[in-house]
Every structure is written in C-alpha cells, then in structure tokens.
Amino acid sequence: MMKTGFKIVLTADRTLMSEYQGGIFMGFSACVPRGIIPDFLYFSLFSPSIDHKAGIVRVAPLGLRKIEAALLEKGFNENEIVAAHPDHLDRVIGSETRILSISAMDPLGMGPASSTFSKLWEGECYMPYKFREILGNKVVLKHRNNINIVVGGSGAWQLTDERMRHALDIDYVVDGEGEEVVPGLFRDILNGTRREHVVEGKVVEEPPCVTKPTICGVVEITRGCGRGCEFCVPTMLRHRSMPLDKILREIEVNKKAGKGIVLHGEDVFRYKADGLIPNKNEVVKLFENAEKAAGFGNISISHLAFSTVCSAPDVAGKISEILYLGSKEYPYTGAQIGLETGSPNLISNHMKGKVKPFKPDEWQSVVESGLGICNDAHIVPTATLILGIPGETDDDIIKTIELLDDIKNLKFVPVPLLFVPLGRFNNARFCEKKDLNENHWQLIHRCAEIFIKKFDELYPDYARMAGHGAITRSAIKLLAGYGKKRARDYMISSGYTPDF
Ligand code: SF4
C-alpha cells in the first residue's frame, strides 16, 4: 500500500478493464443485465481482468491513455499520474490524492446497447453497476474530502444533468473530446480555482500519442465521422485522420507490450479521405505500414460503413490481401457497421449522409452489395439496427425484415438496438419495451435467429484466433447451447417458428 497515494488517479469501471478474451466486440456482453449468469462466472469467463502491479494497470482504455498523454504533454509530472485498476484503488489512492478521473462509456446504462438489453431482459447491466462501485469504494469515501471526482469519456453526456451529478456526488463532468480541456481543468482543480462543473470538450485536431499500451491494442486512426446522422452524438461531426507516423508510433508502443492491433475509426476505409469516397492510396499505405509494423495476423479493424465499402469496392479486397485474411491462420476479421434500417424513408428522413454517395432508395442494395464485398474480403460485420426511431411506421419495420431475409445467408451478426435520444433527437423519448409491436418482435426474432446460426458457424475460427483454451471453449459452447434452447422456447411461445 502506498500511504500517500498518487496526486492524479485515472481509472475506468471494471467492464472497461478487460480484453474480453481477445475479442473487443465481446465487450457488448457488458451491456447484458446482471444475473443471467453469476457475476463470478461472467467476470472470469467473458470479461477477465487485465493485469496490474500494485494497482497500476499494464494496459488501459484508449480514452484514458489519451488523457494521460495530454496531461504529460502539458507538463504534468509522470510520477503524479497513475492509470489504476478499479478493484485496487486502495493501492494508489491516499492522503495526497486530489483527483480521481473516471473514463466512462455508459455510467447510467443509457447507451443504445445497454438500454436495449436491460429493457428487453429487465435488469441492470454491468456498466452502471461497476461505475457506482468506484464511487462507493471505501478508500475513495475515506479520502473524499480531499478528492475531486471528474468523469469523462463517451458516456459523460449522461451526467451533465446537475441533479444526477449531485445524486452521484460527482464534482466535474467533461462532455466531449477531453485532450484540450482536461489539463487546464486539472490545473485549476489543483490550484483550487475551478468553478463550473460541466466542462465542454473541444475538437482536437491532432490528439497526442499514447505513451503506454491500450486495451486490445486499440490505435486511433481517425476521429469523427461527418455523415451527420440525426441520432448520432455531436462529437462525430468532424472527421479527422491521424498522421501515419503517429499511428506507427502508437503501434510500436502496443507491440512492445505484445499486443495485437485494432485500427480504430468510425469508418476505417475513409482514412485520409477528402469527403466520403476512400482515398485508396492512403488507406493501402496505412495498412501496408501497419501490417509491417505489427506483424502477420496482428491487425484488425473497428468500424466500417456499407456505403464507403461500395463506393470503392476494390479497397476491401486489397486490405484483405495485405492482412492475409482468408488464410488458415487468419480466416476472417470483424468490424462494426451501422445497418440501422431497411427503410429508404427513414434513411431519407434521418440519415441521408449514411448512404452517400448513393441515394436513400438505393440503401437496401448498398447494404446487400456492401455485405457481399465484405464477405468476399473475409470481413464479417457486426451490424447494428435501430428500432423505434421517431416517425417509424410498420412499413419501415417490414422493409427491414425483408432486407434481413434477403441477406440472411451472408456472414454478419445482427444486433437490434432500441432508439436512444441523442444528437438532434435529444428531446425525444427513449424507445421502451412497451413501445414494441408485433412487427418489432418479428424483427428481433429474425435477428436472434440469424445471430444464433452465425454463432455456430463462426465461433470455432473465432475461438482459435482469440486463443480460447479448452475450458473457455467448452463453457462458451455450453452457455450458447443453453441460450439457444431458451431463445427457441421463447420464440415458439410467442408464435414464431425459429429456423434453428
Ligand atoms: S454513420 Fe455512424 S458514426 Fe457516422 S454520423 Fe452516422 S451513426 Fe454517426
């Protein structure tokens, strides 16, 4: 135990302090309500903890590392900052600690995935529970009079309301990009001069390079999106690409720690694009250099967009070739893609930018062709869909079901999400379970059916690539078998005949 503690302690809730057995998208499991399986089984099997030494973590979430890098760049002393494990705060917090900064992705469970799963399965998911655990930690409470609690990260928007901040006893919230504003905020807090409690982030042109490894080796290649969907967070508005030399520096930092690399951006193929069409030369250059730096089989990607894939159909194949996808050792990689809807009307009304340079009434064929191109390039998307967006009609839902029927034999994993009022919709209502009609349930059942069939098809290779041991594989198969039976019984009792 360090008696005096570190002056600035950076942490995140326990669900963000896991590498999910080598599968970053398994992080979706933290959005499932507690109690479906016992906590000890969940945290040892799906979300095992990252390593730490005396409470100091070896790897940390990308957002936390970026803030740490920004602090160091602005002259904070390395000895006064620590990236800490939330379960071992007693090893790093003491009488000298002045700031506890928490990176939060979903502190109240209001994000699209957690609010969907918690509403459908009626329970609280892991993220808010583990977030509150930090606030109620004994050592935090013991030193609370000296410590300022600051919350930032992609879920900070949930805490800008003053009553909520008071209820949770949080001092400051940083809403938006933090690299520019956090060093000043921390200086003011340490000097005792800070007043306003919600600090607006600022768009950062070139965020500093991380100096220590990130969870799952995530390296940011672009920030923002620029397609302007009405339900998306405002921080997505400006699209920026990071310089190649900085990306390679971050790959090096992670590689030294023995990490594989996830190239992260909202639409990875738009790296250095001037607009919505990929800049093929720059994307290829990025992947060639990244593959060389990280080594065979060590590069994967975070997000893509169907319209980008379709607007330069040869890019996916070229990237696949560079990464040796489809080889015995690296049969496929995943990527998250927003499918959202099969309705050209909803696309036209709320997300015109998502389909550009194509037209809203081409969306169904963009999805189908984009998925085909991805699969030919050995990319298996996790495709998210939105249910209950304002103005949605039965015809819109039926169009989505028809689209799913058209693409169900392709390789992808559908994830239906209930609408969350963000962006230009921030005065709208959340979609609740009681708002779902028969067509919504048909759509949810279709997604579950495809999900279950694809799991059987994709898991063996996934397990091999992620290095799942025999015990993990057997336990996951056992749980999947149980889940499949429960899903089948539920569907039959609702009058739906599942095809599995
Ligand atoms: S395409 Fe995705 S990231 Fe971009 S604005 Fe739309 S929802 Fe947001």
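The rules we used
Residues numbered from 1 in each chain as written. Predicted model: local features only at pLDDT ≥ 70, side-chain atom pairs only at ≥ 80, totals over all residues. Heavy atoms only, no water. Domains from an automatic or database assignment. Contact = heavy atoms within 4.5 Å. Buried area = accessible area lost by both parts, 1.4 Å probe. Salt bridge = Lys/Arg side-chain N within 4 Å of Asp/Glu carboxyl O. Pairing = 2+ DSSP bridges. Helix = DSSP H or I, 4+ residues; strand = E, 2+ residues; numbered from the N terminus. Axes fitted to C-alpha atoms, helices over the stretch in contact; angles between N-to-C directions. Buried < 20%, exposed > 50% of the residue type's maximum accessible area, 1.4 Å probe, protein only. Near = heavy atom within 4 Å. Nonpolar A, V, L, I, M, F, W, Y, C, P; charged D, E, K, R; others polar. Polar contact = N/O pair within 3.5 Å; in protein donor to acceptor, adjacent residues only side chain to side chain. Right-handed = clockwise from strand over helix to strand, strands pointing away. Core = buried A, V, L, I, M, F, W, Y, C linked by side-chain atoms within 4.5 Å.

Student: Explain the domain arrangement of the protein chain to me, and be specific about the residues and the numbers.
Tutor: What the domain assignment reports for the protein chain is domain 1 (8-200) and domain 2 (215-436). Distance between the C-alpha centres of domain 1 and domain 2: 26 Å. Between domain 1 and domain 2, the contact holds 28 residues from the first and 29 residues from the second. With both chains or domains summed, domain 1 and domain 2 bury close to 2400 Å², and 65% of this area falls on carbon and sulfur atoms. For the pair domain 1 and domain 2, the number of links is eight salt bridges.

Student: So what's going on with the sheet that holds strand E13 (residues 299-301)? Residues and values would help.
Tutor: Within the open sheet, the three strands sit side by side as E9-E12-E13. Their pairing is parallel. The sheet is open, and its two edges are formed by strand E9 (218-220) and E13, each paired on a single side. Neighbour to neighbour, the strand axes of the sheet diverge by 30° on average, direction disregarded. By the bridge criterion, three bridges tie strand E12 (residues 261-264) to E13 in an arrangement that is parallel. Bridging from a neighbouring strand, isoleucine 261 pairs with isoleucine 299 of E13. Sitting on the sheet, helix H8 (residues 244-256) is in contact with E9 and E12, with an inclination near 165° to E9.

Student: Which residues make up the environment of glycine 35, and what values do they have?
Tutor: Structurally, the position occupied by glycine 35 is in the loop between strand E1 (8-12) and helix H1 (39-46). We classify glycine 35 as exposed; its relative accessible area is 62%. Linking glycine 35 and glutamate 124, residues 89 residues apart in sequence, is a C-alpha distance of 8.8 Å.

Student: Tell me about the site of the ligand, and please be specific about residues and values.
Tutor: Within the structure, the ligand sits among Cys225, Arg227, Gly228, Cys229, Phe231, Cys232 and Lys354. Its residues assigned to classes, the shell around the ligand comprises four nonpolar, one polar and two charged.

Student: So what about the sheet that holds strand E14 (residues 333-340)? Which residues, and what values?
Tutor: With parallel pairing, the three strands of this open sheet are ordered in space as E14-E15-E16. The two strands at the open ends of the sheet, each matched to only one other strand, are E14 and strand E16 (413-418). Adjacent strand axes in the sheet meet at a mean angle of 25° when their direction is disregarded. Sheet topology places strand E15 (residues 379-387) next to E16; six bridges connect them, and they run parallel. Within E16, the residue paired with leucine 385 across the bridge is proline 416.

Student: Lay out the side chain of arginine 227 with the relevant residues and their values.
Tutor: With respect to the helices and strands, the residue arginine 227 is situated in the loop between strand E10 (222-223) and strand E11 (240-241). A polar contact of 2.9 Å, which involves the side chain of arginine 227, links it to the backbone oxygen of lysine 356. Setting aside its immediate chain neighbours within four residues, arginine 227 contacts Asp267, Arg270, Leu276, Ala305, Ser307, Thr308, Gly353, Lys354 and Lys356.

Student: Can you explain the pairing of E15? Please cite residues and give values.
Tutor: Taking burial as the measure, the nine residues of E15 include nine buried ones, the bulk of the element. With seven bridges connecting them, E14 and E15 associate as parallel partners. Its bridge partner being in E15, glutamate 340 is matched across the sheet by leucine 385. As for the winding sense of the linkage, the β-α-β connection from E15 through helix H15 (residues 394-407) to E16 is right-handed.

Student: Please give an account of the pattern of salt bridges that cites residues and values.
Tutor: For the structure shown, the criterion picks out 35 salt bridges. Arginine 58 is the salt-bridge partner of aspartate 51, the closest N and O atoms lying 3.8 Å from each other. Two residues, arginine 223 and glutamate 220, come together in a salt bridge whose shortest N-O distance is 2.7 Å. We classify glutamate 220 as buried; its relative accessible area is 7%. Because the salt bridges share partners, they merge into one network encompassing Lys66, Glu177, Glu179, Glu220, Arg223, Arg240 and Glu250.

Student: Could you give me a rundown of the nonpolar core, with the residues and numbers involved?
Tutor: If you look at soluble globular proteins, the nonpolar side chains tend to sit buried side by side. If you look at the biggest cluster of nonpolar residues, it comprises 70 residues, and the most contacted ones within it are Ile251, Leu263, Phe269, Phe287, Leu304 and Ile379. Among the elements that take part in this core, helix H9 (residues 280-294) stands out by supplying seven residues, more than any other. With sequence-adjacent residues up to four places away left out, leucine 304 is seen in contact with Glu266, Asp267, Val268, Phe269, Val309, Ala335, Gln336, Ile337, Cys374 and Ile379. Formed by 46 residues, the second largest nonpolar core is a distinct cluster that contains Ala60, Tyr126, Leu185 and Ile215.

Student: I'd like a rundown of unusual backbone geometry, residues and numbers included.
Tutor: The step from lysine 356 to proline 357 runs through a cis peptide bond, and the omega angle for that step is 10°. Relative to the elements of secondary structure, proline 357 occurs in the loop between helix H13 (352-355) and helix H14 (363-376). Here alanine 54, not a glycine, exhibits a phi torsion of approximately 50°, which is positive. By the secondary structure assignment, alanine 54 is in the loop between strand E2 (52-53) and strand E3 (56-57). Positive phi outside glycine occurs at glutamate 122, with the angle close to 55°. Assignment of secondary structure puts glutamate 122 in the loop between helix H3 (112-121) and helix H4 (126-135). With relative accessibility at 59%, the residue glutamate 122 sits in the exposed group.

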